[in-house]
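Secondary and tertiary structure notes
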Amino acid sequence: MTVKLTKSGWSVCVAAVSALAGLVFYLITSVTGFLSGTAMSPLPIVCTVAAILLALVLVCAAKTLSPLATDFFVVAAALLLIAAFALFAMGRVTLVADVYFIPVNYPQAEASALNLSIAGMALYLVAIAAMIITAFSEKITKD
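Residues numbered from 1 in each chain as written. Predicted model: local features only at pLDDT ≥ 70, side-chain atom pairs only at ≥ 80, totals over all residues. Heavy atoms only, no water.

**Quick notes on the nonpolar core**
The nonpolar side chains of soluble globular proteins are, as a tendency, buried together. Formally: Side-chain atoms within 4.5 Å link the members of a nonpolar core, which is a set of buried Ala, Val, Leu, Ile, Met, Phe, Trp, Tyr and Cys residues. Classification of residues uses two cut-offs on accessible area relative to the type maximum, computed with a 1.4 Å probe and protein chains only: under 20% is buried, over 50% is exposed, and between them is partly exposed. Only DSSP runs of H or I covering at least 4 residues are called helices, and only runs of E covering at least 2 are called strands; the numbering of each starts at the N terminus. Residue contacts follow a heavy-atom distance rule, with two residues in contact if any of their heavy atoms lie within 4.5 Å.
Counting residues in hydrophobic clusters, the biggest one holds 30 residues, and the most contacted among them are V12, L58, L81, Y124, M131 and I140. Those elements giving two or more residues to this core turn out to be helix 1 (7-31), helix 2 (43-60), helix 3 (67-91) and helix 5 (108-135). Counting residues per element, this core draws most heavily on helix 3, which supplies 8 residues. Discounting chain neighbours no more than four positions away, the residues touching V12 are A55, L58, V59, M131, T134 and I140. The next biggest cluster of nonpolar side chains, apart from the first, holds 5 residues, and it includes L95, V99, A113 and L114.

**Let's talk about the packing of helix 4 (residues 93-101) against helix 5**
Which entries qualify depends on this criterion: Between N-to-C directions, angles span 0 to 180 degrees; the directions come from axes that are lines fitted to C-alpha atoms, helices contributing only their stretch in contact. Here is the rule for angles: anything less than 35 degrees is roughly parallel, anything more than 145 is roughly antiparallel, 65 through 115 is roughly perpendicular, and the remaining ranges are oblique. Left-handed is the label given to a crossing in which the near helix is rotated counterclockwise from the far helix by less than a right angle, and right-handed is the label when the rotation is clockwise. Any residue that is not Ala, Val, Leu, Ile, Met, Phe, Trp, Tyr, Cys, Pro, Asp, Glu, Lys or Arg is counted as polar, Gly included; the first ten are nonpolar and the last four charged.
Contact geometry of helix 4 with helix 5 gives a least axis separation of 10 Å together with a crossing angle of 120°. Taken together, the axis directions place helix 4 and helix 5 in an arrangement best described as oblique. Seen along the crossing, helix 4 lies across helix 5 with a hand that is left-handed. Where helix 4 approaches helix 5, its residues T94, L95, V96, D98, V99 and Y100 are matched on the opposing element by E110, A111, A113, L114, S117 and I118. In the contact of helix 4 with helix 5, the residues fall into 8 nonpolar, 2 polar and 2 charged.

See the structure below:
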């Protein structure tokens with residue numbers, strides 16, 4: 001069984017891969033380095049995994065899903081990615097404040113955690129943009 005994807009289908013794949021990479025950055029910055037001693041929120045992980053699973057369903061079962069279900073899955077995945085991005089960003093506000101607004105004697109590990117977090121958030125933005133592109137496209141697979 002081979003699935004022939006349209007540009008919209010490839011956009012879903014880009015969203016899933018970008019979201020997975022963003023999740024890796026979230027996990028790395030949360031459990032290592034400067035933030036290793038702080039509590040990590042599981043909500044961005046749950047939202048990202050759910051969005052990736054929805055993207056997989058969209059790609060694998062696009063021919064059997066009704067147009068309404070396809071639209072629902074695309075919107076749900078986009079909303080989950082937006083929620084994960086927002087939670088990720090809000091968890092890093094203290095890093096931004098310490099490094100950019102109070103730039104006196106912060107450890108280098110804090111700047112490294114912030115830079116990696118910015119890269120992870122950029123990957124989430126790519127995933128969100130890819131899902132928005134998919135939402136305005138017609139089909140995910142070719143007939």
